[in-house]
Structure formats: C-alpha cells, structure tokens
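# Structural overview
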Amino acid sequence: MHSDPAEVKKSVRAYMTVFVTLMVFTVVTVAASRFHFAVPIAITIALIIAAMKGSMVAGVFMHLSHERRAIYGALLLTLVFFIVLLFIPVLGYLDRVRY
Amino acid sequence: MNIPYTVEERPDTGLTNGKFGIWLFLASEVMLFGALFSTYILLRVGAEEWPHAELSVLLGTINTIILISSSVTMVMAWASLKMNNWGRHHLYLALTFLLALVFLVNKYFEYSEHFAKGEGPWHNTFFAIYFTLTGLHGLHILGGMVVMAYLLGPGAGLWKRNPEQFTNRIEATGLYWHFVDLVWIFLFPVLYLL
C-alpha cells in the first residue's frame, strides 16, 4: 500500500471516484428493485451490484488491490471456507427434500 | 516490554503485527457473518412464503449512503495523517464518528417502529433473521465508535509520541470500519430489497 505522501495524494482522487460510483450503484440497486423482476433475476442483479460495490470498498478503501502476499493467502483460505459455509446448509436442505 | 513490529514490518509477512492481526480478525468476522448469511439462505429457501416490503427502503437507503460516506471520511482520516495534516485527520475522524452515530439513531427509529407494531424478532422468521443480522451489525458499529472515541480522545496523544504507530492504528481502525460498511452493502439488498 502507499506510504509516500505524494502517492497518497494521488489515491485521494481514486477514493472520491469510488465514493461517487458507490452512490450511483446504490441508486441503481434501489431503482432496479422497483422493476419487480422475477425473484431469481432480482437476486442476481442485486448481488452482482453488491459484489461490485464490495470489491470497490475492499480494493480501494482497504487497499486490497496492492497488498502483501500474506494477506492474500489468509483471505484466500477464508474465501474457501466461506463458500463451503454458504453451500453446505443448502446442500443439506436439498438432500432432505430429495429423500 | 514493548510489543514488537508495531511500526517496522516483520521480515516474514512484510506487515506490521497490528495490520496482519486486524486482517486475521476480519477473516474470522467473514466466517461469523457468513454463518448468518448461510442461515438466511437456508431459512429463505426452506420457507413457503417470504415477506416483502416489510422494511422502509428509504431508511435503508439513507443508512447505506451514511455508511458509504463514513467509509470515505475514514479513509480520508488515514490519508490526512499520511500527508501530515493532523487538523484535517481529526475533522475526518470526528465526521466518521458522527455518521456512525446518525446510522445508529436511524436504526433506533427503525427498530422502534417495528416494535410498536409488534414486529419483534418473535413475529416471524424474517424478523428473527433481520434483527439478528442488523443487531450484530449494529453492535459492530458501536464497537467501531468506541475505538474512534478513544482515538479522538485519550488515544490521540500517541500521535506526538509515535506518529507512525498512531497512523497504523488509524489504518487498522479503517480496515475494520470498511469491513462493517462492506457487510452493510450486502445486508441492504438482501433484507430491504429482495
């Protein structure tokens, strides 16, 4: 991440760009919800926008776009367990439905 | 005895202990909220009907705007320190604290309205998971405010004694705060819009 004051000054412009983009995406999310899409489509749209917003916060505000390898390693491991955590209960539910 | 690697980076990780520590803490937080999101999916997939339009989209949107703004003021508080501007840092951190307070006040009004209508966590499955998720998130906001209050008040003296360590503390607080914002970015559509 940046530690040089001149570099930080440059990053400030990126923070402001992300701020405006996040605001626009928030408006888009709310506007999209007014269209009454079918539930699966609505969920997909909302989660895609949320993922885009989340990646901007993580990448720019949390400086994940240029971090040390140790942090990436820890987060990769977390991501794997997070995915397992999200899907195991659903698989369990589908199993119960089937039998 | 001094805590090692608070300012200089550890040779093996290339990070200060505080920074690596906060990231590991955030990893555990991902699992905590992940378990609750997983519960939400399970409850929703298993429900025959799922309530819609139970929450005020306007209040949720306002709170989203507040939290996003607070993330910007937080990162600016850190950037101001890096640019050696203490006054601006103090202003941005105080603004972040204030925005967090406004978020909680909004949440208080939102909760009060639901309780007045008898829509507590016992009302139905939706409100049970809504209060669990937003309550836990609210506690995180409160935790962040306690840390910010410390850094605005008694903890601010460290800037004079060890400016680099103080900047690192602000960075760690910022990482936590952005994570709290990130969780809300997912909570808002999931609970208010879908």
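### Quick word on the overall build of chain A
Of regular secondary structure, chain A possesses three helices and zero strands. Each helix and strand of chain A, ordered N terminal to C terminal, gives the series α-α-α. Taken against the 2.2 N^0.38 rule, which gives 13 Å for 99 residues, the C-alpha radius of gyration of chain A at 18 Å runs more than 25% over that of a compact globule.

### Some points on the overall build of chain B
When helices and strands are counted, chain B shows six helices and zero strands. Secondary structure elements of chain B occur, N-terminal to C-terminal, as α-α-α-α-α-α. Each of the three principal axes of chain B carries a C-alpha extent, and together these read 60 × 35 × 25 Å. Out of the 194 residues belonging to chain B, those deemed buried represent 37%. The long-range fraction of contacts in chain B, counting pairs at least 24 apart against all pairs at least 6 apart in sequence, stands at 75%.

### Comments concerning the interface of chain A and chain B
For an interface, size is often stated in terms of accessible area lost upon the parts coming together. The interface of chain A with chain B comprises 36 residues on the first partner and 39 residues on the second. Residue composition of the side of chain A that touches chain B, by class: 27 nonpolar, six polar and three charged.

### Digging into the packing of helix H1 (residues 5-33) of chain A against helix H2 (residues 57-82) of chain B
Relative orientation of the contacting elements H1(A) and H2(B) amounts to 175°, with a least axis distance of 10 Å. Here H1(A) lies roughly antiparallel to H2(B), going by the angle between them. Across from A:Pro5, A:Val8, A:Ser11, A:Val12, A:Tyr15, A:Phe19, A:Leu22, A:Met23, A:Thr26 and A:Val30 in H1(A), the residues of H2(B) making contact are B:Val57, B:Thr61, B:Thr64, B:Ile65, B:Ile68, B:Val72, B:Val75, B:Met76, B:Ala79 and B:Lys82. Here the contact of H1(A) with H2(B) is built from residues that sort into 15 nonpolar, four polar and one charged.

### Let's talk about the nonpolar core
Within the largest apolar cluster, 60 residues are counted, with the highest numbers of intra-cluster contacts made by B:Val75, B:Ala77, B:Leu175, B:Tyr176, B:Phe179, B:Val180 and B:Trp184. Those elements that provide at least two residues to this core are H1 and helix H2 (39-61) of chain A together with helix H1 (17-46), H2, helix H3 (86-116), helix H4 (125-152) and helix H6 (163-193) of chain B. The residues touching B:Val75, leaving out its near neighbours within four places in the chain, are A:Tyr15, A:Phe61 and B:Gly174.

### Thoughts on unusual backbone geometry
All names here are of chain A. Non-glycine residue histidine 63 carries a positive phi angle of around 60°. With respect to the element layout, histidine 63 can be found in the loop between H2 and helix H3 (69-98). Assessed through the 19 C-beta atoms surrounding it within 10 Å, histidine 63 is described here as partly exposed.

### Things to note about H3(A)
The end-to-end C-alpha distance of H3(A) is 43 Å, a good match for the 44 Å that 30 residues give at a rise of 1.5 Å each. Residue A:Phe87 marks the point of greatest curvature in H3(A), where the axis turns by about 25°; the proline A:Pro89 follows within four residues.

### Notes on the environment of B:Thr134
Tracing the backbone shows B:Thr134 in helix H4. Apart from residues no more than four positions distant in its own chain, B:Thr134 is found in contact with B:Lys107 and B:Leu187.

### What about the domain arrangement of chain A?
You can read the domains of chain A as domain 1 (1-67) and domain 2 (68-99). One C-alpha centre belongs to domain 1 of chain A, the other to domain 2 of chain A; they are set 23 Å apart.

### Some thoughts on H4(B)
Every α-helix winds through 3.6 residues per turn, so residues three or four apart in the chain are directed the same way. All names here are of chain B. The terminal C-alpha atoms of H4, which comprises 28 residues, lie 40 Å apart, in line with the 40 Å expected from a rise of 1.5 Å per residue. Buried within H4 are the following residues: Phe126, Ile129, Tyr130, Leu133, Thr134, Ile141, Gly144, Met148 and Leu151. Packed against the buried residues of H4 are H1, H3 and H6.

### Section: the environment of B:Gly138
All names here are of chain B. As for its placement among the helices and strands, glycine 138 is situated in helix H4. In this structure glycine 138 comes out as partly exposed when scored by C-beta crowding, with 17 C-beta atoms within 10 Å. Each C-alpha atom of the pair glycine 138 and phenylalanine 103 lies 8.8 Å from the other, and the pair is 35 residues apart in sequence. Filtering out sequence-adjacent residues up to four positions away, glycine 138 remains in contact with Leu104 and Lys107.

### Focus: the environment of B:Leu142
Counting through the fold element by element, B:Leu142 comes out in helix H4. Taking C-alpha positions, B:Leu142 is 9.8 Å from B:Phe97, a pair spaced 45 residues apart along the chain.

### Details of the confidence of the model for chain B
Atom-level detail of predicted coordinates should not be read off regions where pLDDT is low. With 100% of its residues at a pLDDT of 70 or more, chain B shows a mean pLDDT of 94. Confidence metrics for the complex model read pTM 0.94 and ipTM 0.92.

### So, the packing of H3(B) against H4(B)
Residues and elements named next belong to chain B. At a closest axis distance of 10 Å, the pairing of H3 and H4 adopts a crossing angle of 150°. Here H3 lies roughly antiparallel to H4, going by the angle between them. Here the hand of the crossing between H3 and H4 comes out left-handed. On H4, the residues touching Leu93, Ala94, Thr96, Phe97, Ala100, Leu101, Phe103, Leu104 and Lys107 of H3 are Thr134, Gly138, Ile141, Leu142, Gly144, Met145, Met148, Ala149, Leu151 and Leu152. Residues belonging to the contact of H3 with H4 are distributed by class as follows: 14 nonpolar, four polar and one charged.

The rules behind these values
- Residues numbered from 1 in each chain as written.
- Chains lettered and ligands numbered in written order.
- Predicted model: local features only at pLDDT ≥ 70, side-chain atom pairs only at ≥ 80, totals over all residues.
- Helix = DSSP H or I, 4+ residues; strand = E, 2+ residues; numbered from the N terminus.
- Rg over C-alpha atoms; globule rule 2.2 N^0.38 Å.
- Buried ≥ 20, exposed ≤ 12 C-beta atoms within 10 Å, placed from the backbone.
- Contact = placed C-beta atoms within 7 Å.
- Nonpolar A, V, L, I, M, F, W, Y, C, P; charged D, E, K, R; others polar.
- Axes fitted to C-alpha atoms, helices over the stretch in contact; angles between N-to-C directions.
- Parallel < 35°, antiparallel > 145°, perpendicular 65-115°, else oblique.
- Core = buried A, V, L, I, M, F, W, Y, C linked by C-beta atoms within 7 Å.
- Expected span 1.5 Å × (residues − 1).
- Bend = angle between axes of the 7 residues up to and from the residue.
- Domains from an automatic or database assignment.
- pLDDT = per-residue confidence, 0-100.
- Left-handed = near helix turned anticlockwise from the far one by under 90°.

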